[in-house]
Amino acid sequence: MLRVETLRIAPLPSLTFEVAGGECLAVEGVSGSGKTRLLRAIADLDPVAGLIFLDGAERGEVPAPHWRGLVRYVAAEPGWWSDTPRATFAPDRVDTGKLERQLANVGLTPLHLDRDIALLSTGERSRLAFVRALQGEPNVLLLDEPTASLDPASTALVEEQIRFQLFAGRTVLLATHDAGLAQRLAHTRLMLPKPRETAIAAEAGTR
Amino acid sequence: MTYVPLTPLDLGLAALLLLLTGGLSLAFRLGLERTILISAVRMCVQLGVVALVLKLVFESGSMLATAAFALMMLLATAYEVVSRQERRFQGPVSHLMGGAAPFMAGLVASIFAVSAIIGAEPWWSPRYLLPILGMIVGNALAGVTLVLDTITSAASRERAAIEGRLALGATRMDALQDVLRRGLKTGLTPILSAMAVAGLVSLPGMMTGQILAGADPVDAMTYQVMIMFLIAGATGIAVVLAGLVAVALLTDDRHRLRLDRLAPVKPNKQQS
């Protein structure tokens, strides 16, 4: 259970909501409305006032690296810090058999792990980052535009994997422009107002 | 061999070569005449003042005067490191770190040199301490400038990679280790290449000075080697200090990357 209390992301009004395990909250809004900032704040990547609880523990009570092990943010443009993806996967902690299955589930093979990052397509990089974020079994996934760079076939695969994560009891927050994706996956949808609009409309809709 | 003092006339003769450069600037319309003139006059005034002040300090032999001169070096170092930075930290911490890292390392190395190696009495003897301190701090300063520049610009450029590591649960040291290592390497490069080519291309300045002043080349060499070792050691300390402080300042206790602590780049300074 992820609970956000009076989170202040200027210029938005303070946000309070909760998302249970196995549930998906879609964060929608135009560019610049604060979707990314909201997800980053929950992962404690930016200093933001407010309280965020995961199963009763506030983020400030948990060492930050541990918090981000549980609450995993996946950026829209993933970062790479070595020549091939493999080194960014913390090899000692990864179960290779499982990793291979996870790669196959999103249409990739272990060979992709050893390709030059620069030679991978944007969509391949995005899916690799998605699989990378699943390592260590986080409780909460904060997905920033997970399908923005994907073709319809890959989108369907990733969507299915997000659904699988929900079945496994994980909490998913999804920042997206894709209303269809939000409608198919989300139990609750949070519409951030346009910048400079004051009212915030939280539309509770079920699939 | 004896030491030949130079007269103002000798300096005037040397200045003829500078006039030649000014003439070239005119001929090729480089527009540098003013800059050449100002730089030359600035150099004469600065060195003249420093020489006179040093003379006073040496004659007085007072500890207070030595400390005051060293303090002036510290201030100049802080100013120099900060002004050479493209992306610097906001607030006074920038000057504090820029001045303290090279100066502290230089001070430790030169006091060590004057008291333990040269064995001068007293240990703060300005005649030995101040020139050695100046040489060491000057080199450490160059190293620190490079470290800070490399770390701040790499952290800004590689923000996605650093935050990607943080998001996967890395500590700030893990997330910035590549940036830190690259910064330290860059900071140590000048002194390492200076040692590697010392004497091949040009004689180091201090050795040249001692030889011109009539010292035996072998004696001059031993002094130069000592200074090089001291510079390498002090630069190493200064570079590591500055690198660790920079990493600490670029992050916070919640292991976040805090690029907001860097001052915005001035648009007119971006590319020159």
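About the criteria used
Residues numbered from 1 in each chain as written. Chains lettered and ligands numbered in written order. Predicted model: local features only at pLDDT ≥ 70, side-chain atom pairs only at ≥ 80, totals over all residues. Helix = DSSP H or I, 4+ residues; strand = E, 2+ residues; numbered from the N terminus. Buried ≥ 20, exposed ≤ 12 C-beta atoms within 10 Å, placed from the backbone. Contact = placed C-beta atoms within 7 Å. Nonpolar A, V, L, I, M, F, W, Y, C, P; charged D, E, K, R; others polar. Pairing = 2+ DSSP bridges. Expected span 1.5 Å × (residues − 1). Domains from an automatic or database assignment.

1. Description of unusual backbone geometry
So, step 1. Here the amide bond leading from Ala10 of chain A into Pro11 of chain A is cis, since omega sits at 0°, within 30 degrees of zero.
So, step 2. Structurally, Pro11 of chain A is set in the loop between β1 (2-7) and β2 (15-19).
So, step 3. Omega for the peptide link from Glu121 of chain B to Pro122 of chain B comes to -10°, which places this bond in the cis form.
So, step 4. Structurally, Pro122 of chain B is set in the loop between α4 (93-118) and α5 (126-157).
So, step 5. Even without a glycine there, the phi angle at Glu145 of chain A is positive, about 50°.
So, step 6. Structurally, Glu145 of chain A can be placed in the loop between β7 (140-144) and α5 (152-167).
So, step 7. Its 21 C-beta neighbours within 10 Å are what place Glu145 of chain A among the buried residues.

2. As for the interface of chain B and chain A
As a measure of interface size, the accessible area lost when the parts come together is often cited.
So, step 1. Of the residues lining the interface, 16 residues belong to chain B; the matching set on chain A comes to 18 residues.
So, step 2. Tallying contributions element by element places helix α6 (residues 159-167) of chain B first for the side of chain B that touches chain A, with eight residues.
So, step 3. Within the side of chain B that touches chain A, the residues separate by chemical class into seven nonpolar, four polar and five charged.

3. Considering the pairing of β1 of chain A
So, step 1. Two strands pair when backbone bridges link them, and β1 of chain A and β2 of chain A are joined in this way by four bridges, in the antiparallel orientation. When the sheet's bridge partners are listed, Leu7 of chain A is paired in β2 of chain A with Leu15 of chain A.

4. Things to note about helix α4 (residues 122-134) of chain A
So, step 1. The end-to-end C-alpha separation of α4 of chain A is 19 Å, in line with the 18 Å expected for 13 residues at 1.5 Å each.
So, step 2. In terms of burial, α4 of chain A is largely enclosed, as 10 of its 13 residues are buried.

5. So, the domain arrangement of chain B
Residue and element names in this part refer to chain B.
So, step 1. What the domain assignment lists for chain B is domain 1 (1-60) and domain 2 (63-269).
So, step 2. The gap between the C-alpha centroids of domain 1 and domain 2 is 28 Å.
So, step 3. Listed as interface residues are eight residues of domain 1 and, on the opposing side, eight residues of domain 2.
So, step 4. For the side of domain 1 that touches domain 2, the per-class residue count stands at six nonpolar, two polar and no charged.

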